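# Results of the structural survey
Chain residues, written in single-letter form:
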Amino acid sequence: MSSVLQGFTKSLAMTFVSEIGDKTFFAAAILAMRYPRRLVLAGCLSALIVMTILSATLGWAAPNLISRKWTHHITTLLFFGFGLWSLWDGFKEGGGGSEELAEVEAELDADLKATGKTTKDSSKIEDENKKQKRPFLTQFFSPIFLKAFSINFFGEWGDKSQLATIGLAADENPLGVVLGGVVAQFLCTTAAVIGGKSLASQISERIVALSGGMLFIIFGIQSYLTSIEA
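Rules used in this analysis
- Residues numbered from 1 in each chain as written.
- Predicted model: local features only at pLDDT ≥ 70, side-chain atom pairs only at ≥ 80, totals over all residues.
- Heavy atoms only, no water.
- Helix = DSSP H or I, 4+ residues; strand = E, 2+ residues; numbered from the N terminus.
- Buried < 20%, exposed > 50% of the residue type's maximum accessible area, 1.4 Å probe, protein only.
- Polar contact = N/O pair within 3.5 Å; in protein donor to acceptor, adjacent residues only side chain to side chain.
- Core = buried A, V, L, I, M, F, W, Y, C linked by side-chain atoms within 4.5 Å.
- Contact = heavy atoms within 4.5 Å.
- Patch = residues over 30% accessible without salt bridge, like charges linked within 9 Å, V, L, I, M, F, W, Y side chains within 5 Å.
- Areas by Shrake-Rupley, 256 points an atom, 1.4 Å probe, with all protein chains shown as cover.
- Salt bridge = Lys/Arg side-chain N within 4 Å of Asp/Glu carboxyl O.

### Looking at the side chain of Ser 55
Note that Ser 55 resides in helix 3 (residues 37-65). Taking the relative accessible area as the measure of exposure, Ser 55 reaches 1% and is therefore buried. A distance of 2.8 Å separates a polar side-chain atom of Ser 55 from the backbone oxygen of Met 51.

Rendered as structure tokens:
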């Protein structure tokens, strides 16, 4: 039980600090300004939960491929590396998240222009044919849900938080890591969807990056001390 709780608290803190000012956070906030919030929230959360479970599963499987001693050392190095990376980003960043918010908004606008062009004067027969030929998934899920899901899922792939989750799950109880990650994702995404663009623009990337860096360093020290005691 204690191992689950430890994995939960570490994952909760790490994911929350990593995601609160991430691109997916800004994307959720902007999407919620343009589309129904419930669909955006459902799509974003589904993607992030799937990614968390997938990452934790990879971390859980890692000790079966590499010895637990080496996975522990790799995890320790990851924590220190991500900590220094975040601290460096924090010292370079300005005071707010307006620049990254504008960047994400521009990307979404470009995507909307590329995929949102429809012929308004097309006949009803043509519209019906389009419905029949539409992608398989859109027959079961809302296009808005799928858009929010895909943006967040592929936005998280290879991200620092995903790699950190894999490392954490290799070193801690995977169930606790999943539960902590899911709770943190729920809190961050809900805040982004409800708070919208106004909240996202107030996020201080410097404070978030510095806080995340310190947290990763603390986890790295703790992991290193554990390896010495073992």
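### What about the nonpolar core?
Among the nonpolar cores identified, the biggest contains 19 residues, and Ile 20, Phe 25, Val 40 and Val 104 are the most heavily contacted of them. At the level of elements, helix 2 (23-34), helix 3, helix 5 (98-115) and helix 9 (174-202) are the ones that each hand at least two residues to this core. For Val 40, the residues in contact, after removing those within four places along its chain, are Ala 28, Leu 31, Ala 32, Tyr 35, Ile 144, Ala 148 and Val 193.

### Considering the side chain of Ser 223
Along the chain, Ser 223 turns up in helix 10 (residues 205-229). Sequence-distant contacts of Ser 223, that is, excluding residues within four places in its chain, are made with His 72, Thr 76, Phe 79 and Asp 171.

### Topic: a nonpolar patch on the surface
A surface patch of nonpolar side chains, about 330 Å² in accessible area, is lined by Phe 16, Val 183, Phe 186 and Leu 187. Ranked by residue count, the leading element in the nonpolar patch is helix 9, at 3 residues. Locating Leu 187 in the fold gives a position in helix 9. Under the relative-accessibility criterion, Leu 187 is labelled partly exposed at 43%.

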